[in-house]
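Geometric and topological summary
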Amino acid sequence: MTRSSGSALKRVEAVRRGLERVDAAAAVFGLSSNLRYLTGFTDEPGERLLCLIVGREAESTFVVPELYADEVRARASGIATRVWSDGENPAALLSDVAGGLANRTGRILIDDTLWTTFALTVQNAFPDRGFGLVSEVTGELRMRKDEDEIGAMKRAGEIADRAYFAVTSRTVTGLSEIELAGRLEAEMLAAGAEGVAFQTLVASGPNSALPHHRAGPRRIEAGDIVILDFGCRVGGYCSDVSRTVVCGEANPELLKVHEAVRRAHAAARDAARIGVTAEAVDRAARDVLGEEGYGDRFVHRTGHGIGLDVHEPPYIVEGNERRLEQGMTFSIEPGTYFPGRFGVRIEDVVAVTEEGTLAMTRAPHELRCVA
Ligand code: CO
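Now for a quick tour of the structure. This is a predicted model, so every value here is computed, not measured. (Residues numbered from 1 in each chain as written. Predicted model: local features only at pLDDT ≥ 70, side-chain atom pairs only at ≥ 80, totals over all residues. Heavy atoms only, no water.)

What follows deals with the overall build of the protein. Along the backbone of the protein there are 10 helices and 20 strands. Over its C-alpha trace the protein gives a radius of gyration of 23 Å, about what one expects of a compact globule, namely 21 Å for 371 residues. In terms of overall dimensions, the protein has a C-alpha envelope of 70 × 40 × 35 Å along the principal axes. Here the protein holds 371 residues, and 56% of them are scored as buried. Within the protein, counting contacts between residues at least 6 apart in sequence, those at least 24 apart form 66% of the total. Per element, the accessible surface of the protein, about 15,300 Å² overall, is 49% carbon and sulfur. With 43 positive and 55 negative side-chain charges, the protein shows a spacing of 2 Å between the two charge centroids. (Helix = DSSP H or I, 4+ residues; strand = E, 2+ residues; numbered from the N terminus. Rg over C-alpha atoms; globule rule 2.2 N^0.38 Å. Buried < 20%, exposed > 50% of the residue type's maximum accessible area, 1.4 Å probe, protein only. Contact = heavy atoms within 4.5 Å. Areas by Shrake-Rupley, 256 points an atom, 1.4 Å probe, with all protein chains shown as cover. Lys, Arg positive; Asp, Glu negative; His and termini not counted. Charge placed at Lys NZ, Arg CZ, Asp CG, Glu CD.)

Below you can see the structure in the form of structure tokens.
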């Protein structure tokens, strides 16, 4: 999403207020989803130091390699920039900016995913300070999505749905997992996605029992159960959907397990309401699978928050007493896995609304038999 510099300044100001709340002096952001959230500016992190320092006393400065300078100025026109050129040492520049902050003693929050090499540079630039993570502040800001963010996620979900129908309407038996993953990804890109949200998972036959099997050279055979777990990005925002299909006819055991997972998903979805804890949603799914005797086969949490990152708070997991609020977005993805044999998972991303939840993907949950 292209964010105007006006909304960039609004979000930077929200970080500044967050610094007051958690009693920190400044936050240092690198090339990350946090920086994208604040300014719309994004790129793969690289070896050149690029950071945004947000000070508690309303001071913000971008330390920028020369080749990014124009783009950063366009994105965040209200923020001061200090530019360094290849051949110069950015650490001295960062120390200079650090020395100019009004608050001389408070803690410095460092972007959670900042490369260690830069985190050490930041620590050197702020001698005798305590350090923390910017998620103390950004976690709260990013957890509740606004209308634009949810709009992007809906679009990313629609594209994933289309790719699912397109790919499963054609013969998949005989394809390698990698080929099938490639088809899903090509469909999403053709439908307007800016990229994949994460490396597409295609887990066929016994591989479907491995919850995080990616996609490998195995060829899909008649009778295989296949888990497809994929998503794309629109405006930086992710979709994430899983469906389990069978090549040919389903046997009674698969039908029974699939129905249990489908009911677990529905129970979690029904439980997800404003004011309900994240762990209660997890428990709703877990109770269904437990009653069916599959409790010990559900080897992961029920879901994860999602937005600019595929995995972010709130986590739908036992022990998370966080209460759901309107605008929170997370996956519901119960699964049941039988090592060496097969697995089943059904996943949608939902947004918490006044009425309950809204699913970003609409592909039916019924077991789909494919050719
Ligand atoms: Co997921």
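And the narrative resumes.
The next point concerns the nonpolar core. Proteins that are soluble and globular tend to have nonpolar side chains buried together. Judged by nonpolar contacts, the single largest core of 65 residues is most densely connected at Phe29, Leu52, Phe62, Leu180, Val202 and Phe230. Per-element accounting of this core gives the leading share, nine residues, to helix α7 (residues 147-168). Two domains each donate at least three residues to this core, and these are domain 1 (5-141) and domain 2 (147-370). Other than its neighbours up to four places away in sequence, leucine 52 contacts Val12, Ala27, Val28, Phe29, Leu35, Leu38, Thr39, Ser60, Thr61, Phe62 and Ile79. (Core = buried A, V, L, I, M, F, W, Y, C linked by side-chain atoms within 4.5 Å. Domains from an automatic or database assignment.)

Right, let's get into the pairing of strand β2 (residues 51-55). Most of β2 sits out of view: five of its five residues are buried. Taking every second residue as pointing to the same face, both faces of β2 are buried, with Cys51, Ile53 and Gly55 on one and Leu52 and Val54 on the other. Both strand β1 (residues 24-29) and β2 contribute to a ladder of four bridges, which runs antiparallel. Pairing of phenylalanine 29 across the sheet is with leucine 52, part of β2. The pairing of β2 with strand β3 (residues 60-65) spans four bridges and is antiparallel. Each bridged residue has a counterpart across the sheet, and for isoleucine 53 the counterpart in β3 is threonine 61. (Pairing = 2+ DSSP bridges.)

All chains considered together, the criterion is met by two cavities of 30 Å³ or more. When its volume is computed, the largest cavity comes out at roughly 90 Å³. Residue lining of the largest cavity: Gly30, Leu31, Ser32, Pro45, Gly46, Arg48, Leu50, Asp111, Thr113, Leu114, Trp115 and Phe118, and that is the complete set. Per-class residue counts for the lining of the largest cavity are six nonpolar, four polar and two charged. (1 Å grid on protein atoms, 1.4 Å probe; cavity = no way out; pocket = protein on both sides within 12 Å on 5 of 7 lines; lining within 4 Å. Points joined across faces, edges and corners; volume = space filled by probe spheres on them. Nonpolar A, V, L, I, M, F, W, Y, C, P; charged D, E, K, R; others polar.)

All right, on to the sheet that holds strand β8 (residues 201-204) then. Taken in spatial order, the four strands of this open sheet run β8-β9-β12-β20, and their pairing is mixed. The open sheet has two edge strands with one neighbour each: β8 and β20 (368-370). Each adjacent strand pair in this sheet contributes to an overall mean axis angle of 30°, direction not counted. Relative to strand β9 (residues 225-230), β8 is paired through four bridges, and the arrangement is antiparallel. Each bridged residue has a counterpart across the sheet, and for valine 202 the counterpart in β9 is leucine 228. This element, α7, spans β9, β12 (241-247) and β20 of the sheet and lies at about 150° to β9. Along the sheet, helix α8 (residues 177-190) makes contact with β8 and β9, crossing β8 at roughly 145°. (Axes fitted to C-alpha atoms, helices over the stretch in contact; angles between N-to-C directions.)

Attention now moves to the coordination of the cobalt ion. At the metal site, the cobalt ion is ligated by Asp240 (OD), His304 (NE2), Glu333 (OE) and Glu347 (OE), and these contacts range over 2.0 to 2.4 Å. Around the cobalt ion sit four donor atoms, and with donor-metal-donor angles ranging over 75 to 152° the site reads as irregular. Aspartate 240 gets classed as buried once you look at its relative accessible area, which sits at 4%. (Donors = N, O, S within 2.8 Å, 3.2 Å for Na, K, Ca; no water. Tetrahedral: all angles 85-135°; square planar, octahedral: opposite > 155°, others 65-115°.)

Note on sheets: strands pair through backbone hydrogen bonds, and any given pair is parallel or antiparallel. What the three strands build is an open sheet, ordered β7-β10-β11; its pairing is antiparallel. Whereas interior strands pair on both sides, the edge strands pair on one side only; in this sheet they are β7 (195-196) and β11 (237-238).

This next bit is on the packing of aromatic side chains. Per the counting criterion, the structure on display carries five aromatic pairs. Both rings, one in tyrosine 294 and one in phenylalanine 338, keep their centres 5.8 Å apart while their planes meet at 90°; by these two values the pair is edge-to-face. Placement of tyrosine 294 in the loop between α10 (278-291) and β13 (303-305) and of phenylalanine 338 in strand β16 (residues 335-338) is noted, with a sequence separation of 44 residues between them. Residues phenylalanine 338 and phenylalanine 342 carry aromatic rings whose centres are separated by 5.1 Å and whose planes lie at 35° to one another, so their mutual orientation is tilted. Of the two residues, phenylalanine 338 and phenylalanine 342, neither departs from the other in class, the shared state being buried. Every member of this aromatic cluster is reached through a ring pair, and the members are Tyr294, Phe338 and Phe342. Positioned above the aromatic ring of tyrosine 37, the side-chain terminus of arginine 11 is 4.0 Å from the ring centre. (Phe/Tyr/Trp six-rings, centres within 6.5 Å; stacked < 30°, edge-to-face > 60°. Lys NZ or Arg CZ within 6 Å of the ring centre and 35° of its normal.)

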